[in-house]
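# Summary of the model geometry
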Amino acid sequence: MIQLSLDSFDLYFNNLSTITKYRQAMRVPLLDIPASYETILQDVKKNIDQVIQSGRFVLGPIVEELEEKIATYCETKYAVGVSSGTDALLISLMAAGVGEGDEVITTPFTFFATAGSISRLGARPVFVDIESDTFNIDPSQIEKSITDKTRAIIPVHLYGQSANMNPILELAQRNNLVVIEDAAQAIGSEYEGRRTGSMGNYGCFSFFPTKNLGGFGDGGMVTMSSEDDYNQIKALRVHGSNLKYYHKLIGGNFRLDALQAGVVLAKLQYLDQWTEKRRKNAQTYNQLFKEKGIADQLILPLEVIPRHVYNQYVIRVNNNRDELRSFLTENNIFTEIYYPLPLHLQDCFASLEYKKGAFPESEKAANDTIALPIFPELAKEQLVYVTEKIDEFIKKFGI
């Protein structure tokens, strides 16, 4: 019988821990939501217990507390909790008076909810192409799309980087248009020292679980600094009623679930810490790609406008994008394409009569972008593994 000393046991388990960690690094998920649970669960449980004990499951004190803290974080006077990021867009458009026959300018390279919310109100999405470096709406192309039917502009702060807001705000002011910021992926990002969600008439945020500040289900927030807008959004959130059972407006059921508010409130205190980890991971990727000599063969994400919060870290691959993605999946590295088909080419928007080639930068981005894992809990070994496998693919097949 082999006898091991306590020192031998310690050495064995230390080595086993190293081996286990190494093996875990060989699987890199796109997102690992439970990875933060050790940090947040006690705070989450405390807030959920508070909601259960109060019996206030819809709106109530914990929603109000979250609203106040989000308004402070986003540097606005007010915030209103709503049922999802999509409903944040929808209720903002409703508050702006957008309806049948109106036009709203936005980007075709975004999640469906941006344009879908416009169409749900009977208005027409008018698309403007994106900048090649930021993936955000190109302000220089907006003015030519403004007509006497235009009521609003929705810039999208895609992937966590702010759109170029000054020219958009100037155009809006000159043409008496409402600006609704789609900041669903960009809480905490900035533009010239101002937080996204604080520059337009309304800022729209999502608490979908995959977002930088995600709940355990759907939820959203609208930020604003006008008291009139605040009161109108609050009324629209509860079927257009300020006084129970008396309705001056036709609104909807857009209320934020108190349990979700409790989760988001618990996580909010860690948001800046997580954001800095995302930013550090992005810097590590950039450095590793440079060290391997392949940074010039890829188009890495540019932080054109600080502070990019990296909801996604998106690279561009000129050739073999889908083959690269398959190769990474085979090696247990999971990626995503945001977004494979621009909105102007979606079947449901065929009536808008946009044709292929109408927005070349959006179409190119749909064909050559790929999002790599960027979540805060990624280990350095995992980042190294991702870059090694991309380097291996390039050497074998090219891009």
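Let us look at the pattern of salt bridges. Throughout the structure, instances matching the rule amount to 17 salt bridges. One salt bridge in this structure joins Glu143 and Arg174, with 2.9 Å as the shortest N-O distance. You can see Glu143 sitting in the loop between β3 (124-127) and β4 (150-153) and its partner Arg174 sitting in helix α6 (residues 165-174), a full 31 residues away along the chain. A salt bridge links Glu303 to Arg279, with the nearest nitrogen and oxygen atoms 2.7 Å apart. Of this pair, Glu303 sits in the loop between α9 (271-291) and β12 (313-316) while Arg279 sits in helix α9; the two residues are 24 residues apart in sequence, bridging distant segments of the chain. Residue classification places Arg279 among the buried residues on the basis of a relative accessible area of 15%. Because the salt bridges share partners, they merge into one network encompassing Asp272, Glu276, Arg279, Glu303 and Arg307.

Okay, the sheet that holds strand β1 (residues 78-82) next. What the seven strands build is an open sheet, ordered β1-β9-β8-β5-β4-β2-β3; its pairing is mixed. On the outer flanks of this sheet lie β1 and β3, each paired with one strand and no other. With strand direction ignored, the average angle separating the axes of adjacent strands in the sheet is 25 degrees. Direction of pairing for strand β2 (residues 103-106) relative to β3: parallel, over a ladder of four bridges.

Turning our eyes to something else, we now look at the side chain of Thr76. Note on placement: Thr76 falls in the loop between α3 (61-74) and β1. On the accessibility criterion, Thr76 (12% relative accessible area) is buried. Contact partners of Thr76, with chain neighbours within four places excluded, come to Ala71, Gly197, Ser198, Thr223, Met224 and Ser225.

Moving on to the environment of Gln346. Topologically, Gln346 is positioned in the loop between α10 (321-330) and α11 (360-368). Taking the C-alpha atoms as reference points, Gln346 and Ser226, 120 residues apart in sequence, are found 36 Å from one another. From its side chain, Gln346 meets the backbone oxygen of Leu341 in a polar contact 3.0 Å long.

What follows is about the packing of aromatic side chains. Counted under the stated rule, the structure contains 17 aromatic pairs. With centroids separated by 6.1 Å and ring planes inclined at 75 degrees, the aromatic side chains of Phe109 and Tyr339 adopt a geometry described as edge-to-face. Taken together, the residues Phe109 in the loop between β2 and α5 (113-120) and Tyr339 in the loop between α10 and α11 connect sequence positions 230 residues apart. Considered together, Phe109 and Tyr339 belong to a single accessibility category, that of buried residues. An aromatic cluster of three or more residues is present, and its members are Phe109, Phe135, Tyr159, Tyr338 and Tyr339. The side chain of Arg195 reaches across the aromatic face of Tyr73, ending 4.4 Å from its centre.

Rules and cut-offs
- Residues numbered from 1 in each chain as written.
- Predicted model: local features only at pLDDT ≥ 70, side-chain atom pairs only at ≥ 80, totals over all residues.
- Heavy atoms only, no water.
- Salt bridge = Lys/Arg side-chain N within 4 Å of Asp/Glu carboxyl O.
- Helix = DSSP H or I, 4+ residues; strand = E, 2+ residues; numbered from the N terminus.
- Buried < 20%, exposed > 50% of the residue type's maximum accessible area, 1.4 Å probe, protein only.
- Pairing = 2+ DSSP bridges.
- Axes fitted to C-alpha atoms, helices over the stretch in contact; angles between N-to-C directions.
- Contact = heavy atoms within 4.5 Å.
- Polar contact = N/O pair within 3.5 Å; in protein donor to acceptor, adjacent residues only side chain to side chain.
- Phe/Tyr/Trp six-rings, centres within 6.5 Å; stacked < 30°, edge-to-face > 60°.
- Lys NZ or Arg CZ within 6 Å of the ring centre and 35° of its normal.

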